[in-house]
Structure formats: structure tokens, C-alpha cells
Amino acid sequence: MIQCKTSKAISGMGHSMKRKEDIRFIQGRGHYVDDIKLDGMLYMDITRSPYAYAKIKNIDISEAMKVPGVVAVITGKDLEKYNLHWMPTIMSDTQMVLPTDTVMYQAQEVAAVIATSRYAARDGREAVKVEYEPMQALVDPFKAMDPSSPVLRTDKPGKTDNHIWHWEAGDKAKTEKVFSEAAVVVKEQMHIPRIHVSSIETCGCVADYDKINNHLTMYMTTQAPHVLRTVFALVAGHVGLTEEKIRVVSPDIGGGFGGKVPVYPGYVIAIAVSFLVGKPVKWIEDRSENLQADSFARDYHITAEMAGTKEGKILATRFKVLADHGYTDAAANPSKYPAGLFSIATGSYDYGTAFVEADAVYTNKPPGGVAYRCSFRVTEAVHAIERMTDRYALEIGKDPAQLRMDNFIKKEDFPWHSPTGWIYDSGDYHAGLQKAMDVVGYADLRKEQVEKRAKGELMGIGISTFTEIVGAGPSKDFDILGIKMFDSAEIRVHPTGKAIARFGTKSQGQGHETTYAQIIAEELGIPAENIQVEEGDTDTAPYGLGTYASRSTPTAGAAAAVAARKLRDKARKIAAYLLEVSEDDLEWEPGKFFVKGAPEKVKTIQELVFAAYTNFPQGMEAGFEATHYYDPPNLTFPSGAYICVVDIDKETGGIHVRRFVAIDDCGHIINPMIVQGQVHGGLTQGIAPAMYEELIYDEAGNILNGTLMDYLVPTAVESPKWETGHVVTPSPHHPIGAKGVGESPTVGSPPAIANAIIDALSPFGITHLDIPITPFKVWKALKEKGAYG
Ligand code: MCN
Ligand code: CUN
């Protein structure tokens, strides 16, 4: 199905080339931030709050300063002198770097201990004595919205409630009218739980300020090095650290998953300390700090409604969201989209009207919201629409696969204008679902289910046919703090025909060193093996917005193709000159130009590149380099059809995922093996929130599962055998027809699993359960419905 135009030696698009980066990774030779060791480097550790909400009465650093090796203890009061105790968030809110008087969530940073070794810093951290006056924490977002609740953000002058923002999309009046007239209306209240990425590498940095040259090198775990350089310059410009004096280097990253997009206080403190003491400062989080204090994901409370006919035609949807943002809005959204791309919640279905609204609220929890392969909240949107589609099918007694087939947007109706304002680029939803049904053997499974039900056995089949939206820009709509969302590629081909290419994105494990090389190989015919890809150093890479929201292929991948085509145009000119023909007489085949009808008159790309340095036409610019900043005309809309089969043990509620078939459509595929890896990992990160993961807080705001002993990350043991496949609908506006894929499986799979479990339980009148659906939740629901007599 996947067509390769290039030979294996060139390894352009469609080849399952082995990952170039794995040569170092599998030998333990990756170079991560904690591998960086600089002369005179100091170590930082952070004292954190045991309370979710408390006044700080006093911080006594005297004992900590006595710990051998401790050189300084920094508090909010110290930073206040430099006006560095607060910083802006991506959503134009404010966040404490270190508090001066109040802590707002458990595990919040309170003081930083700087020492000559990591051990001394840790001992010092334990010796910092903080006197707190605990206050009643506000943990429940609904309670926090109540006007009678105390105002949490007393630092904001004039703030009289805990409401952050209201946002809406779609047509409210029209939607209400359709709902009031519809024959069938279904409604569920759902919570998409607060979860946390558990990348193998935690966050950290080495801040290296060189006093003599007034220059900061910031080695750090960031998915967006250039944006952070600009943010640091905006924050520290007033002390003389202007943007040309800052270099951000993001070395190898051991998983990002969105958790390495935000600016964490630890980074800023490390910079401040290095600036003040003139020595490099290393800060590396431990596992519990990462889980308890870093950017969380999701935490959306959704009232979801669907209106339709008795026969199964969807007419309208209505979604009302309460978003628990913690104590500040530090979600890593594009600036104009406070609820991310949640308004894609109309899904893959063709109906006229929808209304989506969201309100965000402050609570005494850590900030975040956008992470964990979410495509800016598409995970929440897809869960809502796919759960409701099944809910509606159940209500009218129609097969959920048939209901979907009857409501899908047809492939000839693309580009399709959604009722909430998106223009879907392409898709073939019928083909995707049909393929998934064929692979899983849908009709036979339904027969088996009938037989099992007759015997009192619980078996469920769940479907999710989702539409994703990835690739931010276009820059006319998408920006981060005003910086427009494009991305970039710079290709430099050396005289011997080998190349280096640099990008504004930053791989955290996605395999960019391989796939970007393959894109360039496809366009120029230079073997991918001979194309060195570099990312993550702001001194060398062209400016870009970074890697998240599955945007690297849609933006920087496109930039690579366009830049390579500029070079091919130059190669054509040189070929015409060398072969003494007109450019029109030349034909291109990956790796060479030849004269039409005379294939023996040929110049290889390597010969043409060499000529660009040695023998080019008079007046032509020397060299073989091109740069492109790509601003996508639209987002790309990957899609998927997932089917999950579960067997449930009625007595214990134990859930066994028997089959999971995932048919993805990410347009043209660059590297099938890498895409399969992305899908396997993404599906595992889908089963995680569906069945295992949730950050739980008690009423006082204490996190109840703040270690990996209690927070259940699925392993290979819990993962079913993923059965994957593809449908290919190229993106019509992307230079190589590719769509992003990195997040699709995480976005699309949780509702397939939830739908399967609820399908199994539906004979007992169970219509919805919130994820994570645990054996206890299943058992409890069955008990409440009288399943145990
Ligand atoms: N690809 C391809 N053909 C396509 C689409 C993509 O071969 N049609 C390849 C790409 O070339 C790239 C990989 O698949 O090597 C993912 O590409 P893309 O979908 O563009 O996503 P990004 O590279 O922008 O990665 C971001 C995405 C996000 S947002 C999260 S979160 C996530 C994910 O990737 N975090 C990851 N996958 C991850 N995988 C690993 N190993 N580690 C993470 O932190
Ligand atoms: Cu929402 S997680 Mo990824 O966009 O880095």
C-alpha cells in the first residue's frame, strides 16, 4: 500500500529505515541534560510545600546553610529584589517562581538550596525550616466556581472570584432550537481525569552564566528551545540578558509528551542563581517532584449532549466544560485558544449545528492542562463525542458501527466546514471503519456477544472513529504570546553531496533525525544516510516554535520538502548549464537530472552539488543551501477507526482487553516503522487514562498517589497486542501529503476502550462510567444495578 519512489539506498518516503538516533540510544550513548558536567558546577534542590494552601510565616535557612557543601538558599524574598519572584505564563497569567507569602498547591517550590553536590543540596533542602499557617484548600472546581467561595488569587487586584475565562464556539441559539425539537436527546456528565506524563527522563537544566561575556547557555529539557530563548530574553532583558546573549540547548530528550513545553520555576531559579553567583547550576527533578508538581494533563468536567432522530441521524451536539486549571492558567495552548482545540468535538460526523462552551477555574492544585499527547485538548473532545455517539446508539437501539457509517462526513464532501469553524482537509472515514471492522471480524464478534450474553458472560465491543486536528499554524490564527506559529528547515549540502539539515522543532523520541532526512532524500535523491539532522540549539537552528501538537511533520516536515525543492530548482539550472540544454529539456528522477529522450546524458545530484561549488554558471550564487519558513495554509486532520474488544469478569470486575485494532490515516507515511512505533506508544498512553491513571487529591489538596508506587503507569504486561493498519488520504495542502500522527492513538483510543466496557455492561442499564474504568468501578456499578442479586 505504501509506495516508495526512491530505492532503499536513498530511503526516501515510505521506507522503514532504521532510526539513525538509535545507534547511540541503544548503546546508552545518548547525551541528556543530566550528562552535562561543567567546571565548578553547583547543584540545586528545591524545598517544597507540604500544604496545598498556606501562608508562609517564616523561612529559616540557618540550619540549611550549616550543611557542609551548601552555598546558598534562595527564597521568594531574594528573587523579589530583582523582580523575579513572579513570571508570566504562556496564557498571559502569572505564576510564582518562588512564593513570598503564600503557597497555592502541595509540592509547590518554596526555597532553592544551592550546594557543591547533589547530596548536599538534598540534605540542605531537608534542613530548611518553613513555618506555615495552613488554610482551607479549594480542591473541587465546582465549589471553586461558587461565588461564596474564598478568592484564591488574592495577588490579583480587584479579583472577586476564581473564574479564569469563558470561551465558546458554534451557534448557541440554533443548537438550542434543534435540541428543543429533537426526538431523541442523550446527556452524560463526564470527567476526563487529571493525569500526568511519566517520561523516563524528568525535567531539568544546567544554567551556565558567563559573567565575563555576559552570556547565558541554558541546557534544558525543552520541546520549544527558540520560544524559551525569547521568553527568557523578555523576562531578563532588564538585567542585560538580551536575546543574542542567550543560547538554549536542548540535548537528547528522554520523552517529552507535552510535559516539557512549559517554563517551570526550577529553570528560572537556576538561571537567577547562575547569574548571581557566576557559576553553572544544575537542577534535575526527581521522579516524585515530576509527578507531583509538573504540568498535569486534562482535568475537564464535561456535560455532553447529543440530539438526533429516532432512526439515528445526529442533529446537534452541546458540550459544556469546566476546566480545572490549578492555581494559575499555565496551559501550553496557542494564545487565541484558551480551551485548546476542544471545539473539534463535533468529530467525524456530518450535522449542522453545535455549541461548545468552556469555563476555567482556579483551584489549589498544580497548574498545567495541556500535555500527554493531547493535540491541545483534542483528547477531551474526542472522548466526549465518541462516548456520546455510542450513548445515542444505545438509546435508540442501533448498532454503533452502523450509526457511525450513516453519519460520517463523506469523502467527497471535503474540504468540510465544521459547525464550530474548522475546515477539515481530507479523510475517508467509511474506508477506515470498514477496514477496522473487517480486520476485527465485527459481524462475528456481535454474534459471539449475543451468545455470551445469553450465558450471562460480559463481552463488549467499543468503537472510536475520531478526527484529529494537528499542525499549528496557520500563523494567521495561531501564535504563542504573539509569536506566529510557523516552522523552519535549513538545508546545507556540502561539496561532496552530503548534507546537514537543521530544524526549529525538537525531537523527544519521535525519530526526527531519520524522518526529516527521509523527506530530503525523497526530494533530492541524496541518501537519507548522508543527511545529518540537527535540532535543539538556538545558536545554529533556524527559529521555530518546537515539537508538540503533532506539528513537526505538518510544519517543519513541510519546510524540509519546500527547502529541498528550492535546491532541486538550483540543481536543474546547473544541470542545464553542464549538459548544455534548456531546463525544459531535463527530466528528474530521484538523484539525477537527464536529458529527455537521452538518458545517457545525465548528471547526478552529487555532481550537481559539486558543481555548485566548482563549476556553476556565471552570475549564479555559489553554494548549495536553502532555508524555508513554512506557514501552513490549514491544519491537517488525521483520523482513525479503532475497535476494542473486552471480556469482563463479572465477579471481580476485572477487564481483559482481548483485541485492539487501530486503523490510522495520517496521509502519506514517511517511515512506516516509526509511525507504527508512534501508534504502539500512543495506544499504550491511551489505555493508561482509560483504565489506570488518575492523579487523586483529597479534600485538603493532598495528592494521594504522588509516587509511581501508587500512580499506575501501564507496562508491557498490561498492554494488549496492538493490531495496526492504515488508510491513506493525503493532506491536499501539505507538500508531501502527510498529516501528523504522534498523538492520534492517545487521542482516539480511550473512548474505544470505555465504549467497549460500557457495551459489555449495558445490559445492566449502565450507560456511562468515567475513566479510568477500574475493576472496582465496574464491580461497584454492577452491584448498584443489582447484578449480584
Ligand atoms: N511520521 C511519519 N509519517 C507521517 C507522520 C509522521 O513518518 N505521515 C513520523 C514523523 O516523521 C516523526 C513521527 O512520525 O518522526 C511523529 O511525527 P508527528 O506526528 O509530526 O509528531 P511530532 O514529531 O511533532 O511529535 C509530537 C508528538 C507529541 S505532540 C507528543 S505529546 C508525543 C509524540 O509526538 N511525544 C512523544 N510522540 C512521542 N514519542 C516519543 N518517543 N516521545 C515523546 O515524548
Ligand atoms: Cu498535548 S502533548 Mo504534545 O502536544 O507535546
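Calculation rules
- Residues numbered from 1 in each chain as written.
- Chains lettered and ligands numbered in written order.
- Predicted model: local features only at pLDDT ≥ 70, side-chain atom pairs only at ≥ 80, totals over all residues.
- Heavy atoms only, no water.
- Donors = N, O, S within 2.8 Å, 3.2 Å for Na, K, Ca; no water.
- Helix = DSSP H or I, 4+ residues; strand = E, 2+ residues; numbered from the N terminus.
- Pairing = 2+ DSSP bridges.
- Axes fitted to C-alpha atoms, helices over the stretch in contact; angles between N-to-C directions.
- Contact = heavy atoms within 4.5 Å.
- Near = heavy atom within 4 Å.
- Polar contact = N/O pair within 3.5 Å; in protein donor to acceptor, adjacent residues only side chain to side chain.
- Phe/Tyr/Trp six-rings, centres within 6.5 Å; stacked < 30°, edge-to-face > 60°.
- Lys NZ or Arg CZ within 6 Å of the ring centre and 35° of its normal.
- Parallel < 35°, antiparallel > 145°, perpendicular 65-115°, else oblique.
- Left-handed = near helix turned anticlockwise from the far one by under 90°.
- Nonpolar A, V, L, I, M, F, W, Y, C, P; charged D, E, K, R; others polar.
- Domains from an automatic or database assignment.
- Buried area = accessible area lost by both parts, 1.4 Å probe.
- Salt bridge = Lys/Arg side-chain N within 4 Å of Asp/Glu carboxyl O.
- Buried < 20%, exposed > 50% of the residue type's maximum accessible area, 1.4 Å probe, protein only.
- Patch = residues over 30% accessible without salt bridge, like charges linked within 9 Å, V, L, I, M, F, W, Y side chains within 5 Å.
- Areas by Shrake-Rupley, 256 points an atom, 1.4 Å probe, with all protein chains shown as cover.

**Some remarks on the coordination of the copper atom of ligand 2**
Exactly one protein atom donates to the copper atom of ligand 2; that atom is Cys374 (SG), 2.3 Å from the metal. Mapped onto the elements of the fold, Cys374 is located in the loop between β18 (368–369) and α10 (378–396).

**A closer look at the sheet that holds strand β2 (residues 54–60)**
One open sheet accounts for three strands, arranged β6-β2-β8; its pairing is antiparallel. Strands with a single pairing partner mark the edges of an open sheet, and in this sheet they are β6 (102–103) and β8 (129–134). Sheet topology places β2 next to β6; two bridges connect them, and they run antiparallel. Each bridged residue has a counterpart across the sheet, and for Ala54 the counterpart in β6 is Val103.

**Focus: the sheet that holds strand β31 (residues 639–648)**
Here four strands make up an open sheet; going across it, the order is β21-β31-β32-β33 and the pairing mixed. Each edge of the open sheet carries a strand with a single partner, namely β21 (458–467) and β33 (722–726). Adjacent strand axes in the sheet meet at a mean angle of 15 degrees when their direction is disregarded. Summarising the sheet, β31 and strand β32 (residues 655–665) pair through ten bridges and their orientation is antiparallel. Opposite Val645, over in β32, you have Arg659 as the bridge partner. Running at roughly 130 degrees to β33, helix α17 (residues 672–692) makes contact with β31, β32 and β33 of the sheet.

**Re the site of ligand 2**
Close to ligand 2 lie Gln223, Phe257, Gly258, Val370, Ala371, Tyr372, Arg373, Cys374, Ser375, Tyr548, Ala549 and Glu743. At 3.0 Å from an oxygen atom of ligand 2 is found a side-chain nitrogen or oxygen belonging to Gln223. Note that an oxygen atom of ligand 2 is positioned 2.5 Å from one of the backbone N or O atoms of Ala549.

**Quick notes on the packing of aromatic side chains**
In total, this model carries 25 aromatic pairs according to the counting rule given. One residue, Arg194, lies across the ring of Phe296, its end atom 3.4 Å from the ring centre. Across the ring face of Phe179, the terminal group of Arg318 is positioned such that the distance to the ring centre comes to 4.1 Å.

**Some words on the side chain of His768**
Considering the arrangement of structural elements, one finds His768 in the loop between α18 (744–761) and α19 (775–784). Within the structure, the side chain of His768 is placed 2.9 Å from the side chain of Asp770, a separation counted as a polar contact. Not counting chain neighbours up to four residues away, the residues in contact with His768 comprise Glu188, Gln189, Met190, Arg387 and Ile758.

**Observations concerning the packing of helix α11 (residues 400–407) against helix α12 (residues 429–440)**
Between α11 and α12, whose axes approach to 10 Å, the crossing angle comes to 160 degrees. One way to sum up the angle between α11 and α12 is to call them roughly antiparallel. The interaxial crossing formed by α11 with α12 has left-handed handedness. Two secondary-structure elements touch here, α11 through Ala401, Arg404 and Met405 and α12 through His430, Leu433, Gln434 and Met437. Across the contact of α11 with α12, the residue classes break down as four nonpolar, two polar and one charged.

**Here we look at the site of ligand 1**
Taken together, the neighbourhood of ligand 1 is formed by 33 residues, with Gly256, His512, Ser552, Thr553 and Val741 sitting nearest. Taking Gly509, its main chain carries an N or O atom lying 3.1 Å from a nitrogen atom of ligand 1. Take Val741: an N or O atom from its main chain is 2.6 Å from an oxygen atom of ligand 1. Contributing elements (two or more residues each) for the shell around ligand 1: α14 (512–524), α15 (552–579) and α17. Class assignment for the residues of the shell around ligand 1 results in eleven nonpolar, 18 polar and four charged.

**Digging into the domain arrangement of the protein chain**
What the domain assignment lists for the protein chain is domain 1 (22–30 + 487–630), domain 2 (33–135 + 203–284) and domain 3 (378–471 + 634–784). Of all residues in domain 2, Ala52, Gln106 and Phe257 give up the largest surface area on contact with domain 3, accounting jointly for 96% of the area buried on that side. Put simply, domain 2 and domain 3 have zero salt bridges between them. Across the contact surface, domain 2 and domain 3 share two residue pairs in polar contact (both at pLDDT 80 or more).

**Describing the pattern of salt bridges**
Under the defined criterion, the tally for this structure stands at 55 salt bridges. Across the salt bridge formed by Asp399 and Arg446, the nearest N and O atoms sit 3.4 Å from each other. Here Asp399 is found in the loop between α10 and α11, whereas its partner Arg446 is found in helix α13 (residues 442–454), with 47 residues between them in sequence. Judged by relative accessible area, which is 15%, Arg446 ranks as buried. Linking Arg502 and Glu490 is a salt bridge whose minimum nitrogen-to-oxygen distance equals 3.8 Å. You can see Arg502 sitting in strand β25 (residues 499–503) and its partner Glu490 sitting in strand β24 (residues 487–493), a full twelve residues away along the chain. The exposure classification of Arg502 matches that of Glu490, with both residues buried. Three or more residues are tied together by salt bridges with common partners; here these are Asp45, Arg48, Glu109, Arg122, Arg125, Glu126, Asp286 and Glu289.

**As for a nonpolar patch on the surface**
A contiguous nonpolar patch, built from Tyr82, Leu276 and Val277 and spanning about 240 Å² of accessible area, is present on the exposed surface. Among the structural elements, Tyr82 can be located in the loop between α3 (76–80) and β4 (86–88). On the accessibility criterion, Tyr82 (38% relative accessible area) is partly exposed.

**What to know about the pairing of strand β28 (residues 592–595)**
As paired elements, strand β27 (residues 586–589) and β28 share four bridges and run antiparallel to each other. Across the sheet, Leu586 pairs through a bridge with Val595, a residue of β28. Connecting β27 to the antiparallel partner β28 that follows it, the hairpin turn spans two residues, and Gly591 within it adopts a positive phi of roughly 100 degrees. Following β28, the chain reverses through two residues before pairing antiparallel with strand β29 (residues 598–604); Gly597 in that reversal takes a positive phi of roughly 80 degrees.

**Observations concerning unusual backbone geometry**
In this structure, the amide linkage connecting Phe414 to the following residue, Pro415, adopts the cis form with an omega of -5 degrees. Among the structural elements, Pro415 can be located in the loop between α11 and β19 (416–417). Cis geometry marks the peptide bond from Ile771 to Pro772, where omega comes out at -5 degrees. Relative to the assigned elements, Pro772 resides in the loop between α18 and α19. Phi is positive for Phe257, close to 55 degrees, though the residue is something other than glycine. Assignment of secondary structure puts Phe257 in the loop between β13 (246–249) and α8 (265–277). Positive phi is not limited to glycine here, since Ser375 has a value of about 50 degrees. Assignment of secondary structure puts Ser375 in the loop between β18 and α10. Classification of Ser375 as buried rests on a relative accessible area of 0%.

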